[in-house]
Amino acid sequence: MSSSSKGKEVANGKATEPGYEMPWVEKYRPRVLDDVVGNTDTIDRLKVIARDGNCPHIIISGMPGIGKTTSIHCLAHALLGDAYKEGVLELNASDERGIDVVRNKIKTFAQKKVTLPPGRHKIIILDEADSMTAGAQQALRRTMEIYSNTTRFALACNQSNKIIEPIQSRCAILRYSKLRDQEVLKRLLEICEAEKVKYNDEGLTALIFTAEGDMRQAINNIQSTWSGFGFVNGDNVFKVCDQPHPVLIQAMLRSCHKGDVQGTMDKLDELWGQGYSAVDIVVTLFRVTKTFNELQEYSKLEYIREIGWTHMRVLEGVGTKMQLAGLVARLCKMNMKPELFKL
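Please read all numbers here as calculations on a predicted model, not as lab measurements.

## Thoughts on the overall build of the protein chain
Each helix and strand in the protein chain was counted, giving 16 helices and 7 strands. Taking the principal axes of the C-alpha coordinates as reference, the protein chain spans close to 85 × 50 × 35 Å. Relative to its 343 residues, the protein chain shows a buried fraction of 46%. Averaging the coordinates of the 46 positive side-chain charges in the protein chain and doing the same for the 42 negative ones gives two points 5 Å apart.

See below:
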């Protein structure tokens, strides 16, 4: 062993210093398609592509943290095997991806001769492709046609409608949906077992609530909570995520349902005093209302409508406490006797 490599450990092919702890989101990133969580039907299509080797240009769209880029890398590994390093070019949103990059870097890679398994193609991965400029996308569509005999393009994006139509028509579009709570829970339990994490059921519920179907967020939150507090419970998770506690939001909704304006305002004052912004409060209020079983369905829909209007005003810049006070007053009014408002 050379002196330069002494005292270093190797993690996922990268040399790291002793004592370095890899982020769990990378440590437990799937390496094969079978390990990717959720979107079973779409993953099955990718497995067929990997088995047959007939890979088209691909666009995968969906929310952040649900496995789009990971799926593309797993597919590339399955198709190219040991030739993965030479046969794959990845460009992320953090890289310069203007017209010059498309004309030079991407075209140069597409022209490069690489020894690949029979019937396989080089793969260019464009992560966050919806952030590419319109000019770069226009330059890219011609490049996709010219080098289609040797190169395949795989684009990952949050919104496929931001990809220009000519590129969409050249690709197979796969849409990923948000991960279900059971799928996130299954992976969290696997990580807890592997890392000997101490937790309770409230902690896991809080992790799922704060993640909103984003696996990356869930794994980052459990690592932050475990390393910071040494125990994963509800209170610790909400401290790490710095979100209003759903129990307090539920208490607000109960007061609204009783028509108790003063009680609701007291709870709003408490949340506001803890330093949460209007957006934090409104978003958490919406998410709790959706699953709050103490409300009848029609009441829930009326509440969601009012919360939605307030959310819109807050996003337009009117994020004051007065705006939130008006919201809770309207929610309380829905459950108060009409006679109280007669002149």
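So that's the structure; there's more coming.
## Let's talk about the pattern of salt bridges
A side chain with one charge may pair with a side chain of the opposite charge, provided their charged atoms come close. Applying the stated criterion across every chain, the model contains 15 salt bridges. With a shortest N-O distance of 3.4 Å, R287 and E212 are connected by a salt bridge. Highlighted residues: R287 in helix α14 (residues 278-290) and E212 in the loop between α9 (201-211) and α10 (215-229), separated in sequence by 75 residues. For R287, a relative accessible area of 7% puts it in the buried group. Taking relative accessible area as the criterion, E212 reaches 35% and is therefore assigned partly exposed.

## Structural notes on the pairing of strand β3 (residues 58-61)
A two-sided burial pattern is seen for β3, the buried positions comprising I58 and I60 on one face and I59 and S61 on the other. Examined bridge by bridge, β3 and strand β6 (residues 151-157) share 4 bridges and lie parallel to one another. Within β6, the residue paired with I60 across the bridge is A156. As judged from the 4 bridges shared by β3 and strand β7 (residues 172-175), these two strands associate in the parallel manner. Counterpart to I60 in the pairing with β7 is L174.

## Some remarks on a negative patch on the surface
Residues E90, D95, E96 and D100 make up a contiguous surface patch of negative charge. Relative to the assigned elements, E96 resides in the loop between β4 (88-91) and α5 (99-111).

## Thoughts on the domain arrangement of the protein chain
Along its sequence, the protein chain is organised into domain 1 (24-175), domain 2 (181-241) and domain 3 (246-340). Its C-alpha centre places domain 1 at a distance of 43 Å from the equivalent point of domain 3.

## Description of the packing of α14 against helix α16 (residues 321-333)
When two helices pack together, their arrangement is captured by the angle between the axes and the distance separating the axes. The interhelical angle for the contact between α14 and α16, taken along N-to-C directions, is 25°, at an axis separation of 11 Å. Here α16 runs roughly parallel to α14, going by the angle between their axes. Contacts between α14 and α16 involve A278, I281, V282 and L285 from the former and L324, L327 and L331 from the latter. Of the residues assigned to the contact of α14 with α16, the class counts are 7 nonpolar, no polar and no charged.

## Some thoughts on α10
Taking 1.5 Å of rise per residue, the 15 residues of α10 would be expected to cover 21 Å, and the 21 Å separating its terminal C-alpha atoms lies within 8% of that figure. Taken together, the buried residues of α10 touch α1 (24-27), α8 (181-195), α9 and α11 (234-241). At the N-terminal end of α10, a side-chain oxygen is found 3.0 Å from the backbone nitrogen of R216, two or three residues along, and the residue is D214. Phi turns positive one or two residues past the end of α10, at G230, with a value near 80°.

Criteria and thresholds
- Residues numbered from 1 in each chain as written.
- Predicted model: local features only at pLDDT ≥ 70, side-chain atom pairs only at ≥ 80, totals over all residues.
- Heavy atoms only, no water.
- Helix = DSSP H or I, 4+ residues; strand = E, 2+ residues; numbered from the N terminus.
- Buried < 20%, exposed > 50% of the residue type's maximum accessible area, 1.4 Å probe, protein only.
- Lys, Arg positive; Asp, Glu negative; His and termini not counted.
- Charge placed at Lys NZ, Arg CZ, Asp CG, Glu CD.
- Salt bridge = Lys/Arg side-chain N within 4 Å of Asp/Glu carboxyl O.
- Pairing = 2+ DSSP bridges.
- Patch = residues over 30% accessible without salt bridge, like charges linked within 9 Å, V, L, I, M, F, W, Y side chains within 5 Å.
- Areas by Shrake-Rupley, 256 points an atom, 1.4 Å probe, with all protein chains shown as cover.
- Domains from an automatic or database assignment.
- Axes fitted to C-alpha atoms, helices over the stretch in contact; angles between N-to-C directions.
- Parallel < 35°, antiparallel > 145°, perpendicular 65-115°, else oblique.
- Contact = heavy atoms within 4.5 Å.
- Nonpolar A, V, L, I, M, F, W, Y, C, P; charged D, E, K, R; others polar.
- Expected span 1.5 Å × (residues − 1).
- Polar contact = N/O pair within 3.5 Å; in protein donor to acceptor, adjacent residues only side chain to side chain.

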